[in-house]
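What follows is the residue order along each chain.
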Amino acid sequence: MHPKTILVTGAAGFIGSRLVERLLRGSHCSETGGGSRLRVIGVDNMNHYYDVALKEQRLKPLLAHSGFTFVHADIADRDAVDRIFDSCSPDIVVNLAAQAGVRYSIDSPESYIHSNIIGFFNILEAARHSYDHGRHGVEHLVYASSSSVYGMDRHTPFSTSDPIDSPVSLYAATKKSDELMAHAYAKLYDIPCTGLRFFTVYGPAGRPDMAYFSFAEKWRRGDKIQLYNYGRCRRDFTYIDDIVEGIVQVMAHAPARCVGSDGLPLPPYRIYNIGNGHPESLLTFVHTLCDELVRAGALPSGFDLDSHCVLAPMQPGDVVETYADTAPLEHDLGYRPTTPLGVGLRRFAEWFAANRTDQPL
Ligand SMILES: NC(=O)c1ccc[n+]([C@@H]2O[C@H](COP(=O)([O-])OP(=O)(O)OC[C@H]3O[C@@H](n4cnc5c(N)ncnc54)[C@H](O)[C@@H]3O)[C@@H](O)[C@H]2O)c1
């Protein structure tokens, strides 16, 4: 078997960098050609949405690995994407590059269209043309969607069979658009595609714009945090390594190509939720996070949580609860996330204490 080439976009990002690390380690990954039988190409435009030094910190250990090549490029640049596909002929593509975050889509809608629509379209086009001239082409295109697509869905747990016609942010609308575009390309060009709806991912070296990370930074500075919807939100927090393991399992199981009764290909296309399947109230989350930060030495003992929290109304674009139905992933691939919140937050707090507390209080 020839060595597999895996293209990961968003490779300097929170999830992308952890996925690349996992692939290069490759310990349990015989189907995707683990360890030395893998070549991983990482793409990222290193944008300034948040601290670029953190992206560089994530990339540094990956660059030391001989199986990894990094390309600094923007997926919205069609020529750059085509050159990458032409030069590396990826077997599996994992598209994680995106403008993430719900609230930022109110301030900077253009960046969502740029990366999530134009960028993803370029990836689909490159995947389509990867079969030109009888070439082997992309075996499986896996891409990130989001639990945000469920919008105001009141029916919990959120199931991939639920209608998702009511996005409440442009971010969600772009992610739903990605799912629709991928379906059309799967049908038209027989490209095996799997979309993954991630649920609030947290962990070491995470995203500073996400609540748990920004709470920790604010408390360190002595600032107050705001608990929206008066703390009554619930989130299906999912630990980073569970997400990464889910992606690796999915990568190895491309939807089968088959032909329908009309003689045309049926779209080799699937969507899965990857979430913990146990929503937690924001208040419980905040108390556990605070306890773990104190335990790790990132906050002083006796830190007064109550005086560092403000209850605030619901924010535009936010939803009250997210809760993943993970049964299809478990049924098809035998996989479900398992890391308890306390364990995951302990690992985050220890990383935070070691990496983000160099400034005195
Ligand atoms: N973290 C979560 O809780 C979560 C939840 C649901 C969905 N997702 C999705 O998962 C994916 C990864 O998220 P993340 O948390 O790792 O975010 P992240 O911002 O840490 O990673 C995304 C990476 O993509 C890069 N990027 C953005 N636009 C690009 C472009 N046009 N060209 C090349 N690179 C570009 C960024 O520089 C960044 O390093 C995203 O698609 C995101 O929408 C994440």
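Refer to the structure presented above.
What counts, and where the lines are drawn
Each chain has its residues counted from 1, running along the sequence as written. Side-chain atom pairs in this predicted model are given and counted only at pLDDT of 80 or more, local residue features only at pLDDT of at least 70, and totals for whole chains, interfaces and linings cover all residues. Side-chain measures here rest on the full set of heavy atoms in the structure, leaving out hydrogens and waters. Burial status follows relative accessibility: with a 1.4 Å probe on protein chains alone, a residue under 20% of its type maximum counts as buried, one over 50% as exposed, and anything between as partly exposed. Helix and strand definitions follow DSSP, with helices as H or I runs of at least four residues and strands as E runs of at least two, each counted in order from the N terminus. Two strands are said to pair when DSSP picks up at least two bridges between them. For this purpose, a residue is taken to be near a molecule or strand whenever a single non-hydrogen atom of the residue falls within 4 Å of it. Any pair of N or O atoms that falls within 3.5 Å is considered a polar contact. Within protein, one atom must be able to donate a hydrogen and the other to accept it, and sequence-neighbouring residues count only if both atoms are side-chain atoms. Per-residue accessibility takes into account occlusion by the displayed protein chains alone, with areas from the Shrake-Rupley method and a 1.4 Å probe. For this classification, Asp, Glu, Lys and Arg are treated as charged, while Ala, Val, Leu, Ile, Met, Phe, Trp, Tyr, Cys and Pro are nonpolar and the rest, including Gly, are polar.

Participant: Help me get a handle on the pairing of strand β13 (residues 269-274), residues and values and all.
Facilitator: With five of six residues buried, β13 lies mostly within the body of the structure. Of the pairings in the sheet, the one linking strand β6 (residues 193-198) to β13 comprises six bridges and is parallel in character. Across the sheet, Phe198 pairs through a bridge with Ile274, a residue of β13.

Participant: Please provide a residue-by-residue account of the site of the ligand, values included.
Facilitator: Neighbouring residues of the ligand: 29 residues in total, closest Asp44, Tyr50, Asp74, Tyr171 and Val201. At 2.6 Å, a side-chain N or O of Asp44 approaches an oxygen atom of the ligand. With respect to the ligand, the side chain of Ser115 contributes an N or O atom lying 2.9 Å from a nitrogen atom. In isolation the ligand offers 820 Å² of accessible surface; the protein chains occlude 98% of this area. By residue number, the principal contributor to the shell around the ligand is strand β5 (residues 140-146), which donates three residues. Class assignment of the residues belonging to the shell around the ligand gives a composition of 16 nonpolar, eight polar and five charged.

Participant: Go over unusual backbone geometry, please, and point to the residues and values.
Facilitator: Note the cis peptide between Thr156 and Pro157, where omega equals -5°. Within the fold, Pro157 resides in the loop between β5 and α6 (170-189). The phi angle at Asn229 is positive, at roughly 50°, despite the residue not being glycine. Topologically, Asn229 is positioned in the loop between β8 (225-227) and β9 (234-235). Judged by relative accessible area, Asn229 falls into the buried class, the value being 14%.

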